[in-house]
Amino acid sequence: MTATVGTSPDVKVHKSHVRTLVGTGIGNAVEWYDWAIYATFSPFIASALFSQADPTSAVLSTLAIFAVGFVARPFGGFVFGWIGDRIGRKTSMTVAVALGAIGSLLIGIAPTFQAVGAFASVMLLIARLIQGLAHGGELPSSQTYLSEMAPKEHRGFWATLIYTSGTAGILAGTLLGAILTGVLSKDEMSAWGWRIPFLIGGALGIYALFMRAKMKETEAFEAEAPQEKRLPMWPQIVKYRKQALQVIGLTVGLTVVYYIWGVVAPSYAATALKMDRGAALWAGVIANIVFIAALPFWGKLSDRIGRKPVIIASSIGAALLHFPMTWLLKDSPWQLAVSMSVMLFFIAGSAAIVPAVYAELFPTHIRTIGVGVPYSICVAVFGGTAPYLQTWLGSIGQGYLFNVYAVILLLVGIGFAFSIPETKGKDLTV
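Sequence order as written defines the numbering, with residues in each chain counted from 1. In keeping with the predicted nature of the model, local features appear solely for residues at pLDDT of at least 70, side-chain atom pairs appear and are counted solely at 80 or more, and the whole-chain, interface and lining totals rest on all residues. Note: side-chain values were computed over all heavy atoms of the structure, leaving out hydrogens and water.

Draft legend 1. The arrangement of the pattern of salt bridges in detail. Criterion for a salt bridge: a side-chain nitrogen of Lys or Arg within 4 Å of a carboxyl oxygen of Asp or Glu. Under the counting rule described, the total for this entry stands at seven salt bridges. Note that R89 is salt-bridged to E148, the shortest N-O span being 2.6 Å. You can see R89 sitting in helix α5 (residues 89-109) and its partner E148 sitting in helix α7 (residues 119-149), a full 59 residues away along the chain. The salt bridge partner of E148 is R367, with a shortest N-O separation of 2.7 Å. Of this pair, E148 sits in helix α7 while R367 sits in helix α19 (residues 367-383), and the two are 219 residues apart along the sequence. Note on classification: 1.4 Å probe, protein chains only; a residue is buried when its accessible area is under 20% of the maximum for its type, exposed when over 50%, partly exposed between these limits. On the basis of relative accessibility, which here comes to 11%, the residue E148 falls in the buried class. On the accessibility criterion, R367 (1% relative accessible area) is buried. Numbering of helices and strands runs from the N terminus; a helix is a DSSP stretch of H or I covering at least four residues, while a strand is a stretch of E covering at least two.

The following block contains the structure:
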């Protein structure tokens, strides 16, 4: 008689957790990588896809299209939120990463302005709108999926995967930028080198697509009653308008300071402060490593003491240190590394756990779209315009106004943090 050797329940749970973390993380990393490399390589995009009759106008136009990509995000939040709450979180995440890959590939193969004129700029616009739709759907879908799959006593820690994987994607793009600018000449970068990151992003997106196709749906979604999945969407959004407003309030300051310090700071230092581009990118790498290291610290702390104290303490730290770190930043790479690292450590407090907080504010049948629509609108209005507003105010000698604006938004977020209920340990299946 042959004995049958089975797999223990603990091993099955472990494998399921690994598939969840890897599948969610790699897709999220690719989406953020695609989004960030646009900011990193915007000067080269400006020179290739816009008229060089006025270089300053070309850079501003490139940043404007960066903002236009954010306009599509609320539509992505609604469409993919509807898919996530009606068809499934897994389907929403899979389609979102596929769209992101298409957008990246379009940018990578876009013809130059010299070759086709304004059509080059139009193709860039279309690609960014596609990426905006994808990113608008990716974040709420992956946040909801991860929060529902996480053990409730460790949900704060699991939630850190969103910004950990996303920052890893940004870090990969920044590293690639530093390497390319180091080994290629400026002419080579302008001619074809800037396309490499986008083509790589497209290929990674296709890989993430296959990874997510193998993932399973969350128990919370599968356990939901069929009639709840058919409830009219807009009345439910209106019903939970208070929670939607809280999502906006918690996001508004975070999205602006994160894009300032976590995404565009190296590019800003190189263009506005005339810092060596390669050195600025390496400073960004160091700071983002600090950010990744800080995320699990804040996430575990929230599982122990609660979500509200962590958000409030970290946001106060970011607000108090924003001006000092801005004054520190002049024209040296070490100043950029220190200022970014300090700010990103405190920004990490909110970034680590807001995915869990957002999910814990809504019931299952409205969770994805309830987060996706207000979050995407907020990021579009405030995060999408941040690089352009920062550059424009700096160009007219009023850069301090942008810093005042950022601190005010952080204070708004602190106020909203006091308004949310403490949701640590909440059961998301009910």
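The rest of the description comes next.
Draft legend 2. Representation of the packing of aromatic side chains within the structure. Side-chain rings of Phe, Tyr and Trp, where Trp is taken by its six-membered ring, are said to pair if the distance between their centres is within 6.5 Å; with planes under 30 degrees apart they count as stacked, over 60 as edge-to-face, and otherwise as tilted. Across all of its chains, the model carries 16 aromatic pairs by this definition. On the numbers, 5.2 Å between centres and 70° between planes, the contact of F297 with W298 is edge-to-face. When the ring of F402 is compared with that of Y405, the centres are 5.8 Å apart and the planes differ by 45°; the resulting orientation is tilted. You can see F402 and its partner Y405 sitting in helix α21 (residues 399-419), three residues apart, about one turn around the helix. On the basis of relative accessible area, F402 is assigned to the buried category, the value being 1%. An aromatic cluster is defined as three or more aromatic residues linked by ring pairs; in this entry it consists of W32, Y163, Y258, Y259 and F291. In this analysis the charged atom, NZ for Lys or CZ for Arg, is taken to sit over a ring once it is within 6 Å of the ring centre and within 35 degrees of the ring normal. Taking NZ or CZ as reference, K300 lies 5.1 Å from the ring centre of F157, over its face.

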